[in-house]
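A structural walkthrough
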2 protein chains.
Amino acid sequence: MGKYVFGVDVGGTTVKMGLFDVEGNLLDKWEIPTRTEKNGENILPDVAGSIKAKMAEKNVEEKDVSGVGLGAPGPIDAAGTVYGAVNLGWGTFSISGTLSGLLGMTVKAGNDANVAALGEMWKGGGKGCKDLVAVTLGTGVGGGIIVNGGILTGSRGAGGEIGHIHVEDGETEACGCGNTGCLEEYASATGVVRLAKRALQASDEPSVLRHRPLDKISAKAVFDAVKEGDALAVKIAEQFGEYLGKGLAVIAGVVNPEVFVIGGGVSRAGEVLFDYIRPSFDRTVFKGCKNAKFALATLGNDAGIYGAAKLVLE
Amino acid sequence: MGKYVFGVDVGGTTVKMGLFDVEGNLLDKWEIPTRTEKNGENILPDVAGSIKAKMAEKNVEEKDVSGVGLGAPGPIDAAGTVYGAVNLGWGTFSISGTLSGLLGMTVKAGNDANVAALGEMWKGGGKGCKDLVAVTLGTGVGGGIIVNGGILTGSRGAGGEIGHIHVEDGETEACGCGNTGCLEEYASATGVVRLAKRALQASDEPSVLRHRPLDKISAKAVFDAVKEGDALAVKIAEQFGEYLGKGLAVIAGVVNPEVFVIGGGVSRAGEVLFDYIRPSFDRTVFKGCKNAKFALATLGNDAGIYGAAKLVLE
């Protein structure tokens, strides 16, 4: 085993890259642009070139590198084959085979949300745990599940896609996925805004949220208002928490995690979120799975490179 | 590795035992009573004695045995420690350590529902699959989840306890677990009977189910009536399927299985069940997880001994 490992997180705009020692200390961190043109055919050669340049810069030899881990947005199976990644232009091919061919090193690959969950287990909000569910409350709701220290990949790489579990029969607006009543419609940043607009339009109840135009309402504005004690904002947070708590309770019943690690933009509101998630979680969760704790993600945008590096060291 | 392996399934009344070759052929099968008195302290010595007697009878030497696998009703972690099994009188102790001490052989242990799921993967309705959810529709609803060929144990051995995922906010009657609105309240044999009684009492609609007293209604009677085309029974089956399909869709979104293997008493109704589960499953499942197939369990009461044997061979 070498002394170093590279972690690569391929996003739609930039590729984040990190050089780690095998204990997981981040020694260097940089980014390159993601060239998605021509079906993204330059992305892996660019990654390989950037890794080789960094090795030259740092006088790192090939024998000192344990391997390269890579996370990307799409279903990726345990063998490192991606089954289409629309944001990158990719079809179906072996990421690990291709990048390994370019570098002559061991390459492991996984879905970016799953890989980020692994990062939070290794060095983040779930440190020390082996059974963990990472929940990313961003524009959408993403997730990654770690079972006994390893990623739950699923039969088609769609394990942990918890944003699209069905939580509301009465919903009429469609989710981005085409279904209606998905968790993402209530618990994402976009979902919180939707709940807020509905609440503001449904009554004349005074609220600091009325001080801005309806199209300027954000999830941050809602949780800022919650912290000021705004009654209408509290009701919105309660709705958000009712759905998210029930959704996470079901997930707890299925995989019995030790901890839920909550990240993404909405999580910047802080631990106040847990006050709204806990009531419905505690009310509906199976007693044998009630041990699950809630923690905030701590690695932010670096979770992906940490988790990618950890992939190699598993 | 030896030529043989023993599979043991400890139930509240009898202990089922099997002698297998390492290819998974069942060579012999027998039962002993479960002595639950004195906190079940005789159970493992009885198992050990019975295994030794069988080895003597079959002229099997210790070096020819790869090990003993055991399933029992309770939360059991990956190391083989049980955290209380009320039906057996057991508290917390290492099953694998105790039985291994009695036999001088490798012992692996797991929760009985999880172990049965492993059996169905190995030699039953999920043969050839590595990502599987076994669903047992009996008096209650049990479950076991196999991820990448291994049992999803969970942080406290409660992985796959899918009978108690919350599926109905409006329920007023409590489940055996103390919560309300659990999947088990609608999808177990008991749950189907409950739905039937509610439907029969809610209207005067004619039905063959009215030919028997209300306290003689069974899940079998309901599905027999469905097969005769009884309109009220069909409505009951639709309710059953609506809940079960939605519950399984959520589970699919979390673990992305290749197949759901449906067993237990209710599954004797046969593939007609799938006609009632599929509509709500297809309507609510995340598209990326829609590949999940439905199959009937095929090993019946032997799933536990098959899975226990497989535990040793993993």
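For clarity, every value in this text was computed on a predicted model and none was experimentally measured.

With that settled, consider the overall build of chain A. Within chain A one finds 10 helices and 12 strands. The C-alpha radius of gyration computed for chain A amounts to 20 Å, which stays within 12% of the reference 20 Å derived for 314 residues, consistent with globular compactness. Overall size of chain A, expressed as C-alpha extent along the three principal axes, is 65 × 45 × 35 Å. Here chain A, with 314 residues, has 60% of them falling under the buried criterion. Taking the contacts inside chain A whose residues are at least 6 apart along the sequence as the reference set, 61% of them involve residues at least 24 apart. Counting every atom, chain A has about 12200 Å² of accessible surface; 48% of that belongs to carbon and sulfur. Of the charged side chains in chain A, 31 are positive and 37 negative; the average position of the first set lies 2 Å away from that of the second.

Right, let's talk about the side chain of B:Asn111 for a bit. Residue and element names in this part refer to chain B. As for its placement among the helices and strands, Asn 111 is situated in strand E7 (residues 107–111). Here the side chain of Asn 111 touches Ala 113 through a polar contact of 2.9 Å, landing on its backbone nitrogen. Setting aside residues up to four positions removed in sequence, Asn 111 forms contacts with Ala 72, Gly 74, Pro 75 and Ile 76.

Glancing now at the confidence of the model for chain A. With 100% of its residues at a pLDDT of 70 or more, chain A has an overall mean of 96. For this predicted complex, the interface score ipTM comes out at 0.92, alongside a pTM of 0.93.

So, on to the relation of the copies chain A and chain B. Superposition record for chain A on chain B: RMSD 0.0 Å, screw rotation 180°, translation along axis 0.0 Å. The superposition of one copy onto the other is thereby described by a two-fold rotation axis. Most of the interface of chain A is mirrored in chain B, where 100% of its interface residues are also at the interface.

Before going further, it helps to examine the state of the cysteines. A full pass over the atoms with the stated rule returns zero disulfides over all chains. Free cysteine: B:Cys177, not disulfide-bonded; nearest cysteine sulfur from B:Cys182 at 3.6 Å. For B:Cys177, a relative accessible area of 15% gives the class buried. Distance from the sulfur of B:Cys289, which forms no disulfide, to the nearest cysteine sulfur (A:Cys177) is 11 Å.

Our focus in this paragraph is the pattern of salt bridges. Enumeration over the complete set of coordinates arrives at 33 salt bridges over all chains. One salt bridge connects A:Lys29 with A:Asp302, and the closest N-O pair in it is separated by 2.9 Å. In this pair, A:Lys29 is assigned in strand E3 (residues 26–33) and A:Asp302 in the loop between strand E12 (293–296) and helix H10 (303–313), connecting sequence segments 273 residues apart. Taking the shortest distance from any N to any O, the salt bridge between A:Asp46 and A:Arg35 comes out at 2.9 Å. With A:Asp46 in helix H2 (residues 43–58) and A:Arg35 in the loop between E3 and helix H1 (37–40), this residue pair connects regions lying 11 residues apart in the sequence. The class of A:Arg35 is partly exposed, set by a relative accessible area of 34%. Within the structure, one salt-bridge network assembled from shared partners comprises B:Glu171, B:Glu173, B:Glu185, B:Arg194 and B:Arg198.

For the coordinates displayed, the defined rule picks out 20 aromatic pairs over all chains. Ring centres 3.9 Å apart and planes at 20° place the aromatic pair A:Tyr186 and A:Tyr243 in the stacked group. Here A:Tyr186, found in helix H5 (residues 184–187), pairs with A:Tyr243, found in helix H8 (residues 231–255); they are 57 residues apart in sequence, far enough to count as distant. Take A:Tyr186: its relative accessible area is 1%, and that puts it in the buried class. With a centroid separation of 6.5 Å and an interplanar angle of 45°, the aromatic rings of B:Phe20 and B:Trp122 are classed as tilted.

A word on the sheet that holds strand E8 (residues 132–137) of chain B. Residue and element names in this part refer to chain B. With respect to topology, five strands assemble into an open sheet ordered E10-E9-E8-E11-E12, the strand pairing being mixed. Each edge of the open sheet is held by one strand with a lone partner, namely strand E10 (150–151) and strand E12 (293–296). Where strand E9 (residues 141–147) and E10 come together, two bridges link them in antiparallel fashion. From the neighbouring strand, Val 147 faces E10, where its bridge partner is Gly 150. Against the sheet, helix H4 (residues 112–123) engages E8, E9, E10 and strand E11 (259–263), with an angle of about 55° to E9.

Time to look at the sheet that holds strand E10 (residues 150–151) of chain A. All names here are of chain A. If you walk across this open sheet you meet the five strands as E10-E9-E8-E11-E12, and the pairing is mixed. For this open sheet the edge positions go to E10 and E12, each flanked by a neighbour on one side alone. The sheet contact formed by strand E8 (residues 132–137) and strand E9 (residues 141–147) spans six bridges and is antiparallel. Among the inter-strand pairings, Leu 132 is bridged to a residue of E9, identified as Ile 146. Sitting on the sheet, helix H9 (residues 272–284) touches E8, strand E11 (259–263) and E12, and the angle it makes with E12 is about 160°.

All right, on to the interface of chain A and chain B then. Taken residue by residue, the interface counts 38 residues in chain A and 38 residues in chain B. Buried area between chain A and chain B, both sides added, is near 3000 Å², and the carbon and sulfur share of it is 57%. Looking only at chain A, the three residues that lose the most surface to chain B are A:Ser155, A:Val254 and A:Phe286, adding up to 20% of its buried area. Viewed at the interface, chain B and chain A are joined by two salt bridges. As a salt-bridge pair, B:Asp169 and A:Lys246 come within 2.4 Å of each other at their nearest N and O atoms. Contributions of two or more residues to the side of chain A that touches chain B are made by E9, H8 and H9 of chain A. Along the lines of polarity and charge, the residues of the side of chain A that touches chain B split into 15 nonpolar, 15 polar and eight charged.

Turning next to the environment of B:Gly125. When you line up the elements, B:Gly125 lands in the loop between H4 and E8. Spatially, the C-alpha atom of B:Gly125 lies 19 Å from that of B:Leu313, the residues being 188 residues apart in sequence.

For the rest of this paragraph, the subject is the pairing of strand E6 (residues 90–94) of chain A. All names here are of chain A. Both strand E5 (residues 81–85) and E6 contribute to a ladder of four bridges, which runs antiparallel. Paired with Ala 85 across the two strands is Trp 90, which belongs to E6. Between E5 and E6, which follow one another and run antiparallel, lie four residues, and Gly 89 among them has a positive phi close to 85°.

Residues and elements named next belong to chain A. An ideal rise of 1.5 Å per residue puts 22 Å on 16 residues; H2 measures up with 23 Å between its terminal C-alpha atoms. Within H2 the residues assigned to the buried category are Ile 43, Leu 44, Val 47, Ala 48, Ser 50, Ile 51, Lys 54 and Met 55. With its buried residues spanning 165° around the axis, H2 presents them on a single face. Facing away from the buried side of H2, by more than 90 degrees, are the exposed residues Ala 56 and Glu 57. Following H2 by one or two positions, Asn 59 has its phi on the positive side, about 55°.

A word on the packing of H2(A) against helix H3 (residues 95–103) of chain A. All names here are of chain A. In contact at an axis separation of 9 Å, H2 and H3 are set at 40° when each is read in the N-to-C sense. With respect to H3, the axis of H2 lies oblique. Remark: the crossing between H2 and H3 carries right-handed chirality. For the pair H2 and H3, contact is made by Leu 44, Pro 45, Val 47, Ala 48, Ile 51 and Lys 52 and by Ile 95, Thr 98, Leu 99, Leu 102 and Leu 103, respectively. Class assignment of the residues belonging to the contact of H2 with H3 gives a composition of nine nonpolar, one polar and one charged.

About the thresholds
- Residues numbered from 1 in each chain as written.
- Chains lettered and ligands numbered in written order.
- Predicted model: local features only at pLDDT ≥ 70, side-chain atom pairs only at ≥ 80, totals over all residues.
- Heavy atoms only, no water.
- Helix = DSSP H or I, 4+ residues; strand = E, 2+ residues; numbered from the N terminus.
- Rg over C-alpha atoms; globule rule 2.2 N^0.38 Å.
- Buried < 20%, exposed > 50% of the residue type's maximum accessible area, 1.4 Å probe, protein only.
- Contact = heavy atoms within 4.5 Å.
- Areas by Shrake-Rupley, 256 points an atom, 1.4 Å probe, with all protein chains shown as cover.
- Lys, Arg positive; Asp, Glu negative; His and termini not counted.
- Charge placed at Lys NZ, Arg CZ, Asp CG, Glu CD.
- Polar contact = N/O pair within 3.5 Å; in protein donor to acceptor, adjacent residues only side chain to side chain.
- pLDDT = per-residue confidence, 0-100.
- Least-squares fit on C-alpha atoms with pLDDT ≥ 70 in both.
- Disulfide = S-S within 2.5 Å.
- Salt bridge = Lys/Arg side-chain N within 4 Å of Asp/Glu carboxyl O.
- Phe/Tyr/Trp six-rings, centres within 6.5 Å; stacked < 30°, edge-to-face > 60°.
- Pairing = 2+ DSSP bridges.
- Axes fitted to C-alpha atoms, helices over the stretch in contact; angles between N-to-C directions.
- Buried area = accessible area lost by both parts, 1.4 Å probe.
- Nonpolar A, V, L, I, M, F, W, Y, C, P; charged D, E, K, R; others polar.
- Expected span 1.5 Å × (residues − 1).
- Arc of directions from axis to C-beta.
- Parallel < 35°, antiparallel > 145°, perpendicular 65-115°, else oblique.
- Left-handed = near helix turned anticlockwise from the far one by under 90°.

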